[in-house]
Amino acid sequence: MAYGPDDPRSGLATAPARSAEPNAPAQYVDFSAEEPDEVSAHGSRTWWVRGQNFALAYTHARAGEILDRADQPDEYVVLFPQDTAAAKLTAGTQETAVEGAAMVVVPAGGSRVEIGADTAVVRLFSAASPDLLARCRNHAAYAEPHANVAPFAPWPEPVDGQALRVYPVAEHPYAPGRFGRLFRCSTFMVNLFDPDLGPRDPAKLSPHHHDDFEQCSLAVDGRYVHHIRNPWTPDMADWREDEHVHVGSPSVAIIPPPSVHTSQSVSQVRNQLIDIFCPPRHDFSAKDGWVINAAEYPVPS
């Protein structure tokens, strides 16, 4: 790990070195340059991308759109990255409203998201929904499971039972010593970063790797360069050149383990990234105070 001394992640416990299988290539989908996978009758446009353990749907939703899900087997996440978001969510007999940027955890079963104003909506579903994995444009990349990624295993249910849970970004500002704005549920961990107003200092990047889980980096504003260095194995045929991939927003980078990686914002105005992990991360969860809603969701014993 190569974190600066002022980076909260510099205190993370490191796992012992292990022998890895040849890693899969990183994947990049720049929605700003790609046609959507679905266009609804209402005019909403949706792109579907997956990792090994999850499916992500990014929707430019029009006011009046309804995004529903029947017989969902486990909790899923709805993200509203824009401050102008307005929506009503229903799950069973529960109903809640969202105004502004927020993360919502939706319980298993039937649910619907009614969009009140044109906005971006991100839905995250675990590998327990194979029908949604199959919708994803990169589904063929996981015809065989990637050897370095641990299989999906859900974390424990919330202590007070499944429910619609809304976490408005404005109510959870950054805190000293904490890394970003972290939430988790039984299926996902999400880090909702504040926007960077200008490019990242190239002298203060944070190259690091993960042993056995993918990172999904969702750019919702600005422009980024994803820097990836693939590990060497004894077989030179597995080696790859370093990557420095420029993407706009919205876009997704799926970063495989154990690649060394760091993301550099480069827009002169506003850049914003959301990091997504499925299932939640143990190392972040072990840091006292990092996960804002930790009291609601137990760590596996």
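Preceding block: the structure.
Remember, it's a predicted structure, so these values are computed and weren't measured experimentally.

A few points about the pairing of strand 11 (residues 119–126)
For strand 11, the tally of buried residues reaches eight of eight residues, placing the bulk of the element in the interior. The alternating pattern of strand 11 places Thr119, Val121, Arg123 and Phe125 and Ala120, Val122, Leu124 and Ser126 on opposite faces, both of which are buried. Pairing of strand 4 (residues 54–61) with strand 11 involves eight bridges; the strand directions are antiparallel. Bridged to His60 within strand 11 is Ala120. Alignment of strand 6 (residues 76–80) against strand 11, held across three bridges, turns out to be antiparallel. Its bridge partner lying in strand 11, Leu79 is registered against Val122.

A word on empty space enclosed by the protein
Inspection of every chain in the model, using the stated rule, returns one cavity of 30 Å³ or more. Each pocket or cavity is described by its volume, and for the largest cavity that value is around 50 Å³. Considering the residues around the largest cavity, the lining is formed by Phe80, Pro81, Ala101, Ala102, Val169, Arg181, Leu192, Phe193, Gln272 and Ile274. Within the lining of the largest cavity, the residues separate by chemical class into eight nonpolar, one polar and one charged.

Conventions and cut-offs
Residues numbered from 1 in each chain as written. Predicted model: local features only at pLDDT ≥ 70, side-chain atom pairs only at ≥ 80, totals over all residues. Heavy atoms only, no water. Buried < 20%, exposed > 50% of the residue type's maximum accessible area, 1.4 Å probe, protein only. Helix = DSSP H or I, 4+ residues; strand = E, 2+ residues; numbered from the N terminus. Pairing = 2+ DSSP bridges. 1 Å grid on protein atoms, 1.4 Å probe; cavity = no way out; pocket = protein on both sides within 12 Å on 5 of 7 lines; lining within 4 Å. Points joined across faces, edges and corners; volume = space filled by probe spheres on them. Nonpolar A, V, L, I, M, F, W, Y, C, P; charged D, E, K, R; others polar.

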